[in-house]
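Now for the letters of each chain:
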Amino acid sequence: MSWEFRKLGPGENVAVEAQRDPFAAPKWAPPVWHMPEGLVLLVNLVRTAVRTVVFLVRNIVPVSIAGGLGWLGVRYGWAVPLVVMVLVAVGLAVWAALDRPSFVRYAARPARARWRLAMVYRRDWQPVLVTAGLTKVHKGREYLPSLVRVRCGPTSDRVLVKMLKGQAPDAWERVAVNLAHGFGATLVRVREGDRPGRLWLEFVRKDALAVPIPALPVPDAADVDLRALEIGRTEDGSPWRLRLLGTHVLIAGATGAGKGSVIWSTVRALLPLMLAGLVEVWAVDPKRMELSFGRPLFERYGRYSDDPKGGMVELLEAAAENMNARAEQFAGVTRSFTPTHEHPFRVVIVDELAFLTAYCPERDLRKRAESALAVLTSQGRSVGYCVIGAQQDARKEVNNLRNLFPDRIALRLDEDEQVDMVLGDGARDRGALADQISSVPEIGAGVGFVRLETVPDPVRVRAAYVSDDDIRDMVAFGLPVLNAGEAA
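What counts and how
- Residues numbered from 1 in each chain as written.
- Predicted model: local features only at pLDDT ≥ 70, side-chain atom pairs only at ≥ 80, totals over all residues.
- Heavy atoms only, no water.
- Phe/Tyr/Trp six-rings, centres within 6.5 Å; stacked < 30°, edge-to-face > 60°.
- Helix = DSSP H or I, 4+ residues; strand = E, 2+ residues; numbered from the N terminus.
- Buried < 20%, exposed > 50% of the residue type's maximum accessible area, 1.4 Å probe, protein only.
- Lys NZ or Arg CZ within 6 Å of the ring centre and 35° of its normal.
- Pairing = 2+ DSSP bridges.
- Axes fitted to C-alpha atoms, helices over the stretch in contact; angles between N-to-C directions.
- Salt bridge = Lys/Arg side-chain N within 4 Å of Asp/Glu carboxyl O.

Re the packing of aromatic side chains
Overall, the coordinates contain 11 aromatic pairs when judged by the stated rule. Ring centres of Trp264 and Phe298 lie 5.7 Å apart, and the angle between their planes is 20 degrees; on these two criteria the pair is classed as stacked. Note that Trp264 is positioned in helix H7 (residues 259-275) and Phe298 in helix H8 (residues 295-300), a separation of 34 residues in sequence. Side by side, Trp264 and Phe298 carry an identical accessibility label, which is buried. In textbook terms, an aromatic cluster arises when at least three aromatic residues are bridged by ring pairs, as seen for Tyr121, Trp125, Trp172, Phe183 and Phe203. The aromatic ring of Tyr76 is capped on one face by Arg75, whose charged end is 5.1 Å from the ring centroid.

In structure tokens form, the structure reads like this:
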């Protein structure tokens, strides 16, 4: 009996019994390939060698250390490597005691990252991704996204992933909850990678912002940077620095979300420059509750109004008029603003934007307030004006000027749709779960997400809590300076 192979399709060979009669029906049979035993052995040896090389390259440091200790043991006896390990342990302990930050950065975190790469992520990588639907099967072969590296922080891990060809980050954002449960994290955020085809997965292990942050110390005037005011902490433990120069800031949050913490932490960071005459704070206080504690401070180093019958609108119109006068003076002279005593940096704080733009009973006042705010937010950045607006309602019909605020902060919100209203489309899919922030003040007050004009990924932060006593101390700290100057 003779056989011949026929190609039915691309990559498909089927054995068919040869027939002399051209009209006889074919007799199909599966193809049988007989490979020489030597070739099978050679292929397996090559596979083993490749896997060994890959393992050695991936684990070059521990393999080198183990190899060196083994050579010392064979050459000089096993007491030598034992002494070497004891000396290394003592050296690491001394390093950690003398310079803990550098020890954590260069030794502890890399070691922990390698451990978690091997024992957490690589071990469960395939089953978790298969369950989440992030793998593809083609012609019986499974294609799996690959792990590139892991970086460990104090509260989270960042895992760099090489996606499959044709895969998009949206597919990972949709199964973020699956990944969090699969790898034992409380939350997973998807971030852009270092190049196309890669992404970062941020696995949050524990909440670093669950404990309130006390009011930060008043800084020295020389340390105040209007492009980076320290007002709290970020999720990775680094300082939260808020930019005011060259931008405007919108703060949105439900009642009790902690908008006052953000405002007063900002004023506290500005206090040294206020006393030096380089910064003025103009406060608009429709609620007459939050900003009224610092009224003497604002009236001495800026302006203050809580008059619902036109005083607040007049303050905004005066700010817009002064801004236009400054713009005419700077036109053709300079393109960048530097605060001086003649032209101080002015911060206009509006505690409740919705009252001026939507809830004010007088229609004329609403139009005037909206017009003044539009002028300030559209033209004030380049001449030293910054508007900080706080509001509870994130709807467009309440504040149609929110697109004029480049930097936005979303504190606790009532509905998930409001997250994208405040921070922009897709912010919630990128991990800004502002609607899930705890309503318990000790846990969630002051916690929020920041989305900057130049950074699409939201960052989780918490503002320091400035108590009533802290505000009174700020007022007492500021007023004697002016009184002493008047007495002189």
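Focus: the sheet that holds strand S18 (residues 447-451)
In spatial order, the strands read S11-S10-S19-S18-S17-S12-S16-S15-S13-S14; together these 10 strands make up an open sheet with mixed pairing. Two strands bound the open sheet, and with one partner strand each, they are strand S11 (239-242) and strand S14 (302-305). Between one strand axis and the next, the sheet turns through 25 degrees on average, direction left out of account. Relative to strand S15 (residues 345-350), strand S13 (residues 279-284) is paired through 6 bridges, and the arrangement is parallel. When the bridges of S15 are listed, Val284 appears paired with Val350.

Things to note about the pattern of salt bridges
All told, the structure shown has 20 salt bridges when counted by the stated rule. One salt bridge in this structure joins Glu202 and Arg189, with 3.8 Å as the shortest N-O distance. With Glu202 in strand S9 (residues 198-204) and Arg189 in strand S8 (residues 187-192), this residue pair connects regions lying 13 residues apart in the sequence. The two residues Glu202 and Arg189 agree in class, both being buried. Close ionic contact of Arg191 with Glu202 constitutes a salt bridge, the shortest N to O distance being 3.3 Å. Taken together, the residues span a long stretch of sequence, with Arg191 in strand S8 and Glu202 in strand S9 at a distance of 11 residues. On the basis of relative accessible area, Glu202 is assigned to the buried category, the value being 11%.

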